[in-house]
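Observations on the model geometry
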Amino acid sequence: MNNYVNHGQYRLSAKLVEMIHQNFQGFHPGYRDVHASGRYYAGVFTATPEAGKISRAVHLQGDSVPVTVRYSNSRSGNPWGPATTASMAVRFYLPDGTLTDLVSLPIPLFFARTPEETLEFLEAVRPDPETGQPDPDRIGPFLTARPWVAHAVQLAKALPASVSFAQTAFHMLHAFRFVNAADEPQYARYHWEPEAGVVGQTLDELQKQAPSYLFEELEARLREAPVIFNLVLQLAGAGDPKDDPNAPWPEDRPRVCIGQLKIVRTTSVEEIGDPVMMHDPTRLTDGIEPSDDPVLAARRGVYEVSVAYRTGGWKGRQAALERAGCPFSKNDAES
């Protein structure tokens, strides 16, 4: 944590969270700043033989490990708002009692290249108080001057809304460095590919349904059979940027299936035993390392500031963990 403080990470994180409050329907105590509406599900992950060739990470060696999945149906910070887009956060419970997380979105690229540019982007798209929409005199010149941001925005706008969580592809937007038992490195990006295939609809069609529709649809599926996703790595080639979540890699890069996620039932934070459930994409395990992506590095600070807001501060967060008897409270609070 000292490293973050020494580099002003938490000051920047606090600015980002404040701007998120302005852009995503304010702060709602007790709820996440974005993706506030969510439910939890339990499942199991089993790696393929190919996974162990790429990484020595314990959950990629073939033995099944338990997981929890948090789905959200909206990017908004308003937990009662309409469905807009899906997100998927997966937590792996490793044999040694530690955790590792994957946080993914349906968009293929992040909107900015750095945390500072992210802050500028959020300022540019901040809704006008009178119209509730971004000011074209502000967002227009911003996107014109940054065509890479405009490209990511257009890709996001072109994505259909979800018909089902079980038929939505999700992408971890950052590169990671995978290291196998022979210390051979390989950079790659994660993708969750649904076994049921990808199907979309217009946002208007989605919003004709009740706000809880995507959760109820998934839970109806789970009463019939598990929902299955394949975890696929897109392998980096020579010259592919590893530190820029806004930069696409060529479509012809090799893709390797490294495991299968089987979601089997609903669960809750009470059953899990962690009332906070902060999913941190930088919480890694031996055999998987972060790239030099500055947006990835900033995410822990943003999430921890957000957690402090929704739990009543750092002391409130730790007290909540201890009251719940969370077995990871000490490790998690110090991370």
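Criteria and cut-off values
- Residues numbered from 1 in each chain as written.
- Predicted model: local features only at pLDDT ≥ 70, side-chain atom pairs only at ≥ 80, totals over all residues.
- Heavy atoms only, no water.
- Helix = DSSP H or I, 4+ residues; strand = E, 2+ residues; numbered from the N terminus.
- Buried < 20%, exposed > 50% of the residue type's maximum accessible area, 1.4 Å probe, protein only.
- Contact = heavy atoms within 4.5 Å.
- Areas by Shrake-Rupley, 256 points an atom, 1.4 Å probe, with all protein chains shown as cover.
- Phe/Tyr/Trp six-rings, centres within 6.5 Å; stacked < 30°, edge-to-face > 60°.
- Lys NZ or Arg CZ within 6 Å of the ring centre and 35° of its normal.
- Salt bridge = Lys/Arg side-chain N within 4 Å of Asp/Glu carboxyl O.
- Axes fitted to C-alpha atoms, helices over the stretch in contact; angles between N-to-C directions.
- Parallel < 35°, antiparallel > 145°, perpendicular 65-115°, else oblique.
- pLDDT = per-residue confidence, 0-100.
- Pairing = 2+ DSSP bridges.

Overview of the overall build of the chain
Per the secondary structure count, the chain includes twelve helices and eleven strands. Within the chain, buried positions represent 52% of all 335 residues. Across the chain, contacts joining residues at least 24 apart in sequence account for 74% of those joining residues at least 6 apart. Of the roughly 15,300 Å² of accessible surface on the chain, a fraction of 54% belongs to carbon and sulfur atoms.

Regarding unusual backbone geometry
Positive phi, normally seen in glycine, also occurs at D183, with a value near 60°. Mapped onto the fold, D183 is located in the loop between β6 (170-179) and β7 (185-194). On the accessibility criterion, D183 (54% relative accessible area) is exposed. Even without glycine at this site, M277 takes up a positive phi of about 50°. Within the fold, M277 resides in the loop between α9 (269-272) and β11 (288-290).

What about the side chain of S104?
In this fold, S104 is placed in strand β4 (residues 99-104). When neighbours within four sequence positions are excluded, S104 is seen to be in contact with S87, M88, F170, H171, M172 and W192.

A closer look at the packing of aromatic side chains
Following the criterion strictly, the structure yields twelve aromatic pairs and no others. Measuring from centroid to centroid gives 6.2 Å for F121 and F142, while their planes differ by 45°, and the two rings are tilted. Placement of F121 in helix α4 (residues 115-124) and of F142 in helix α5 (residues 136-145) is noted, with a sequence separation of 21 residues between them. Given a relative accessible area of 11%, F121 falls into the buried group. Judged by its relative accessible area of 8%, F142 falls in the buried class. Pairwise contacts between aromatic rings join Y41, Y71, F165, F170, F215 and F229 into one cluster. Over the face of the ring belonging to W249 we find R189, whose NZ or CZ atom lies 4.2 Å from the ring centre.

Some thoughts on the pattern of salt bridges
Under the defined criterion, the tally for this structure stands at 16 salt bridges. The partner of E117 in a salt bridge is R113, with the nearest N and O atoms 3.4 Å apart. Judged by relative accessible area, E117 falls into the buried class, the value being 6%. The partner of R253 in a salt bridge is D240, with the nearest N and O atoms 2.6 Å apart. Note that R253 is positioned in the loop between β9 (227-235) and β10 (255-267) and D240 in the loop between β9 and β10, a separation of 13 residues in sequence. Here the salt bridges do not stand alone but share partners, grouping R91, D101, D274 and R283 into one network.

Looking at the packing of α5 against helix α6 (residues 147-158)
As a packed pair, α5 and α6 sit with axes 5 Å apart at the nearest point and diverge in direction by 110°. Comparing their axes, α6 and α5 come out roughly perpendicular. Contacts from F142, L143, T144 and A145 in α5 reach P147, W148, V149, A150 and V153 in α6.

Observations regarding the confidence of the model for the chain
One rule of thumb: low pLDDT means the predicted coordinates there are not for detailed reading. Across the chain, pLDDT averages 87, with 83% of residues at or above 70. Of the regions scoring below 50 in pLDDT, residues 1-7 engages in eleven contacts with residues more than four places distant in sequence or in other chains. Segment residues 323-335: pLDDT under 50, and 21 contacts once partners within four positions in sequence are set aside and those in other chains are kept.

Comments concerning the sheet that holds β6
Ordered by their spatial adjacency, nine strands build an open sheet running β4-β3-β2-β1-β10-β9-β7-β6-β11, and the pairing between neighbours is antiparallel. Among the strands making up the open sheet, the edge pair consists of β4 and β11. If you compare each strand with its neighbour and ignore which way they point, the axes differ by 35° on average. In terms of strand pairing, β6 meets β11 through three bridges, oriented antiparallel. Residue F178 lies in a different strand from β11, and its bridge partner there is I288. Against the sheet, helix α8 (residues 213-224) touches β1 (38-47), β2 (65-72), β9 and β10, its axis set at about 45° to β1. Its contacts with the sheet place helix α10 (residues 294-311) against β4, β6 and β11, and it is angled at close to 115° to β6.

Focus on the pairing of β6
The buried count for β6 comes to nine of ten residues, which makes it a mostly enclosed element. Pairing of β6 with β7 involves seven bridges; the strand directions are antiparallel. Looking across to β7, one finds that F178 is bridged to Q186.

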